[in-house]
Amino acid sequence: MVRDYMTREVVSFTPDTLILDAVSKLVQRRISGAPVLDLQGNLVGMLSDIDCFKVSLAASYHGDWGGRVDEFMTTDVVTVDAEASVLDVAEKFMETKLRRLPVMQRTRLVGQISRHDVLRAMDEMHPH
């Protein structure tokens, strides 16, 4: 099950986080993306390293390196249920170019699962 392999302590941002602060945090934590939560803790988006590239493009056109996370984040978020099979998640990763997926339990974010987490699960499932 996803809940057995997901990361529970997830770096997250709010929509009004300054985008350059978010980029710095992604770099410091050596992660390629993080969920965006509103003040009530609802998942409203994902900010990925690809989304952050938009900052450079916007700066090249407008000369402004500023902005907020909600201006750059992806709002059409693919999620997985905490009770889902790891194999189902592997299929989702194969269907998309995503590197990580938010894990939900009912309507609440409870973690995040990455491609690496799925590989680890598959390695543990099949003895050598």
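Heads up: the structure comes first, above all this text.
Residues numbered from 1 in each chain as written. Predicted model: local features only at pLDDT ≥ 70, side-chain atom pairs only at ≥ 80, totals over all residues. Heavy atoms only, no water.

**A few points about unusual backbone geometry**
In step 1: Non-glycine residue arginine 30 carries a positive phi angle of around 55°.
In step 2: Residue position: arginine 30 is located in the loop between helix 1 (19-29) and strand 1 (33-37).
In step 3: Despite not being glycine, arginine 106 has its phi angle at roughly 60°, a positive value.
In step 4: In this structure, arginine 106 sits in the loop between strand 4 (100-105) and strand 5 (108-114). (Helix = DSSP H or I, 4+ residues; strand = E, 2+ residues; numbered from the N terminus.)

**As for the environment of lysine 97**
In step 1: Tracing the backbone shows lysine 97 in the loop between helix 3 (86-95) and strand 4.
In step 2: Overall, lysine 97 belongs to the exposed group, its relative accessible area being 80%.
In step 3: Along the chain, lysine 97 and glutamate 83 lie 14 residues apart, while their C-alpha atoms are 22 Å from each other. (Buried < 20%, exposed > 50% of the residue type's maximum accessible area, 1.4 Å probe, protein only.)

**Considerations on the sheet that holds strand 5**
In step 1: Across the sheet, which stays open at both edges, the 3 strands sit in the order 3-4-5 with mixed pairing between neighbours. The strands lining the two open edges of the sheet, one partner per strand, are strand 3 (80-81) and strand 5.
In step 2: Across 6 bridges, strand 4 lies against strand 5 in antiparallel orientation. Bridge pairing in strand 5 links proline 102 to glutamine 112.
In step 3: Across the sheet, helix 3 lies against strand 3, strand 4 and strand 5, angled at about 140° from strand 4, the strand it touches most. (Pairing = 2+ DSSP bridges. Contact = heavy atoms within 4.5 Å. Axes fitted to C-alpha atoms, helices over the stretch in contact; angles between N-to-C directions.)

**Description of helix 3**
In step 1: Three or more residues of helix 3 are buried, namely Val86, Val89, Ala90 and Phe93. Buried positions in helix 3, seen along its axis, are confined to an arc of 105° and lie on one side of it. Residues of helix 3 that are exposed and point more than 90 degrees away from the buried face comprise Met94 and Glu95.
In step 2: Contacts made by the buried residues of helix 3 are with strand 3, strand 4, strand 5 and helix 4 (115-125).
In step 3: N-cap assignment for helix 3: the residue whose side-chain oxygen lies 3.0 Å from the backbone N of leucine 87 is serine 85. (Arc of directions from axis to C-beta. Polar contact = N/O pair within 3.5 Å; in protein donor to acceptor, adjacent residues only side chain to side chain.)

Don't take any of this as a statement about function, it's just geometry.
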